[in-house]
Amino acid sequence: MPLRALLFASYADAVGAPEVEVDLPDGSTVREVVDAIRSRHGADRLPPAPLVAVNQRYASAETRVSARDEVAIIPPVAGG
Amino acid sequence: MRSAIVDRPLDAAALLAEVSGTGHGAAVLFVGTVRDTNDGRAVTGIEYTAYRDMAERELSDIVASTAARFPGVDIAVEHRLGTLGLGEASIVIAAAHPHRGAAYEASRVVIEETKRRVPIWKREHYADGTREWVHAGSGTQRTPEAVA
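Described in the following lines is the structure provided in the data block. Note that residues are indexed from 1 along each chain, following the sequence as it is written. Working convention: letters from A go to chains and numbers from 1 go to ligands, in the order in which they are written. Local features in this predicted model are restricted to residues of pLDDT 70 or higher, and side-chain atom pairs are both shown and tallied only at a pLDDT of 80 or more, whereas totals for entire chains, interfaces and linings draw on every residue.

Another aspect to go through is the overall build of chain B. Helix and strand assignments come from DSSP, with helices taken as H or I runs of at least 4 residues and strands as E runs of at least 2, each series counted from the N terminus. Counting its regular elements, chain B contains four helices and nine strands. Sequence-ordered secondary structure for chain B, helices as α and strands as β, is β-α-β-β-β-α-β-β-β-α-β-β-α. To get the radius of gyration, use the C-alpha atoms; to get the globule rule, take the number of residues to the power 0.38 and multiply by 2.2 Å. By the compact-globule yardstick of 15 Å for 148 residues, chain B fits well, its C-alpha radius of gyration being 16 Å. Projected onto its principal axes, the C-alpha positions of chain B cover 50 × 35 × 25 Å. Working definition of burial: number of other C-beta atoms within 10 Å of the residue's own, with buried at 20 or more, exposed at 12 or fewer, and partly exposed in between, all C-beta atoms being placed from the backbone. Within chain B, the proportion of its 148 residues that are buried is 34%. Pairs at least 24 residues apart make up 73% of the contacts formed inside chain B by residues separated by at least 6 positions. Here, residue contact means that the backbone-derived C-beta atoms of the two residues sit within 7 Å.

Here it is in structure tokens:
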């Protein structure tokens, strides 16, 4: 399945784009999505286990995703 | 109870008025502002960005859970995005309650939870012309749920 992941702030800068697309089997885990993203050129600067949100909720590394899900890689937050 | 992510200057007095009422004997107003130094570097401004939809949802969840924890509290909070100058407010939290203890505590919970889990980032602009993303508490990455 093609899967797009949103990138923000320092992570978007590190990869040079606000989103990245990877192709993975349906039902892949968040961990597999992150590994696939990090194997792409330029994205190896992302940490190995970043925070990830699926459909705007924080997800665990074992959360399974489908092509319809909104996946976002979340840098350490710094609001307030 | 209200929360919002906005792109305009914040009006602390308006948020305070929003939660004030004759049934509330105490109202606490927290205003977070842009500071002129960080880690010894002269700061000239801060640029705030967000994963907006999720930030709105997280902030709303924080207000709802805080209200559930302190029955009788009324909370209004706004977080601003964009480039802010020194002294400008990035967040305003107004919390009112019949008694001061709960008003202070509720205000504190909202700011701490916001810093912990709302997906907002800031890039500091320094006097020497450079800019850097601030990674508060970076290091081991854990999901906010796991930390809770």
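Let us look at the interface of chain A and chain B. Taken residue by residue, the interface counts 20 residues in chain A and 28 residues in chain B. For the side of chain A that touches chain B, the secondary-structure elements that each account for two or more residues are helix 1 (9-15), strand 3 (51-54) and strand 5 (71-74) of chain A. We call Asp, Glu, Lys and Arg charged. Ala, Val, Leu, Ile, Met, Phe, Trp, Tyr, Cys and Pro are nonpolar, and the rest, Gly among them, are polar. Here the residues of the side of chain A that touches chain B are counted per class, giving 15 nonpolar, five polar and no charged.

Turning our attention to the pairing of strand 4 (residues 41-50) of chain B. All names here are of chain B. Where strand 3 (residues 37-38) and strand 4 come together, two bridges link them in antiparallel fashion. Its bridge partner being in strand 4, Thr37 is matched across the sheet by Ala42. Any two strands with at least two DSSP-identified bridges between them are counted as paired. If you look at the hairpin formed by strand 3 and strand 4, you'll find two residues sitting between the two strands, and Asp39 has a positive phi there, around 55 degrees. One ladder, built from seven bridges, connects strand 4 with strand 8 (residues 120-126); its direction is antiparallel. In the strand pairing of strand 8, Ile46 is matched with Glu124. The pairing of strand 4 with strand 6 (residues 82-85) spans four bridges and is antiparallel. Paired with Tyr48 across the two strands is Gly82, which belongs to strand 6.

Turning next to the environment of Ala53 of chain A. Inspection of the secondary structure puts Ala53 of chain A in strand 3. On a C-alpha basis, the gap between Ala53 of chain A and Val33 of chain A in space is 12 Å, while along the polypeptide they are 20 residues apart.

All names here are of chain A. Read from one edge of the open sheet, five strands run 2-1-5-3-4, paired in mixed fashion. Across the chains shown, the open sheet's two edge strands, defined by having one partner strand only, are strand 2 (19-23) and strand 4 (57-59). Mean inter-strand twist for the sheet, computed between neighbouring axes without regard to direction, equals 35 degrees. Here three bridges tie strand 3 to strand 4, and the two strands are oriented antiparallel to one another. For Ala53, the partnering residue across the bridge sits in strand 4 and is Tyr58. Angles here are taken between N-to-C directions and fall from 0 to 180 degrees, while the axes themselves are lines fitted to C-alpha atoms, restricted in helices to the stretch in contact. Running at roughly 110 degrees to strand 2, helix 2 (residues 30-38) makes contact with strand 1 (2-7), strand 2, strand 3, strand 4 and strand 5 of the sheet.

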